[in-house]
Amino acid sequence: MADRVVLYDVTDDEYRRFKTALGSLGVIERILRKQYRFPLRHTRSFDVSNYLISTDDSIAMFGKLLSKAIHGGSIISDYFWHPMFPPRFHDARTVNELFDAISAVWDGLRSDNHTLCTDAFWSFEISHLLDAYGYAAVLNSGL
């Protein structure tokens, strides 16, 4: 089974509040000791597959968009280290741009009857990603 990535919708204001709080080493220590369950207030979480970034070469542009959506964004803090994918944040403007771009490419692939669109796994995973980005876009939130 492919690894999963969890996306949380977070308002830009909430993200700024959290980044300000990270200025206090005591807050970071409590987070790292897991004394805070999840320090960013959010309304919903979504899980998507890392497998989405491995598209075939015929649609490399789509793969780059998916990679940016799943693993792109600004690094939240150097304190939240991960060997491959440290936690990142896309602001509301970027979320809207990515949602529009991914939706347009996916709709184009579907209208061309691309083989990815007939694959149940891909359809399921893309729908999860679009749900996350669409939800955050409607709320004008980041992810």
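Residues numbered from 1 in each chain as written. Predicted model: local features only at pLDDT ≥ 70, side-chain atom pairs only at ≥ 80, totals over all residues. Heavy atoms only, no water.

1. A look at the overall build of the protein chain
For the protein chain, the helix and strand inventory stands at six helices and four strands. Along the chain direction, N to C, the helices and strands of the protein chain fall in the order β-α-α-β-α-β-β-α-α-α. Looking at the protein chain as a whole, 41% of its 143 residues are labelled buried. Pairs at least 24 residues apart make up 72% of the contacts formed inside the protein chain by residues separated by at least 6 positions. Here the protein chain displays about 8300 Å² of accessible surface, and carbon together with sulfur accounts for 54% of that area. (Helix = DSSP H or I, 4+ residues; strand = E, 2+ residues; numbered from the N terminus. Buried < 20%, exposed > 50% of the residue type's maximum accessible area, 1.4 Å probe, protein only. Contact = heavy atoms within 4.5 Å. Areas by Shrake-Rupley, 256 points an atom, 1.4 Å probe, with all protein chains shown as cover.)

2. Some thoughts on helix α3 (residues 60-71)
Between its first and last C-alpha, α3 extends 16 Å over 12 residues, near the 16 Å set by a 1.5 Å rise per residue. At its buried positions, α3 is contacted by β1 (4-8), β2 (45-49), β4 (88-89), α4 (92-111) and α6 (120-139). (Expected span 1.5 Å × (residues − 1).)

3. As for the pattern of salt bridges
Counted according to the given criterion, the structure contains three salt bridges. Its salt-bridge partner being Arg 16, residue Asp 13 comes within 2.2 Å of it at the nearest N-O pair. Taken together, the positions of Asp 13 and Arg 16, both in helix α1 (residues 12-21) and three residues apart, correspond to about one turn of that helix. The exposure class assigned to Asp 13 is exposed, which follows from its relative accessible area of 54%. Overall, the relative accessible area of 48% leaves Arg 16 in the partly exposed class. (Salt bridge = Lys/Arg side-chain N within 4 Å of Asp/Glu carboxyl O.)

4. As for the packing of aromatic side chains
Within this structure, the stated rule accounts for two aromatic pairs. Between Tyr 15 and Phe 89 the ring centres are 3.7 Å apart and the planes differ by 10°, which places this aromatic pair in the stacked class. Placement of Tyr 15 in helix α1 and of Phe 89 in strand β4 is noted, with a sequence separation of 74 residues between them. Comparing Tyr 15 with Phe 89 shows no difference in burial state: the two are buried. Taken together, a centroid distance of 6.1 Å and an interplanar angle of 20° make the contact between Phe 62 and Trp 106 stacked. Here the residue Phe 62 occupies a position in helix α3, and Trp 106 occupies one in helix α4, the gap between them amounting to 44 residues. There is no split in this pair, since Phe 62 and Trp 106 are both buried. (Phe/Tyr/Trp six-rings, centres within 6.5 Å; stacked < 30°, edge-to-face > 60°.)

5. Considerations on the pairing of β1
Alternating residues of β1 divide into Val 5 and Leu 7, all buried, and Arg 4, Val 6 and Tyr 8, none buried. Across five bridges, the pairing between β1 and β2 is antiparallel. The residue of β2 that forms the bridge with Val 6 is Asp 47. (Pairing = 2+ DSSP bridges.)

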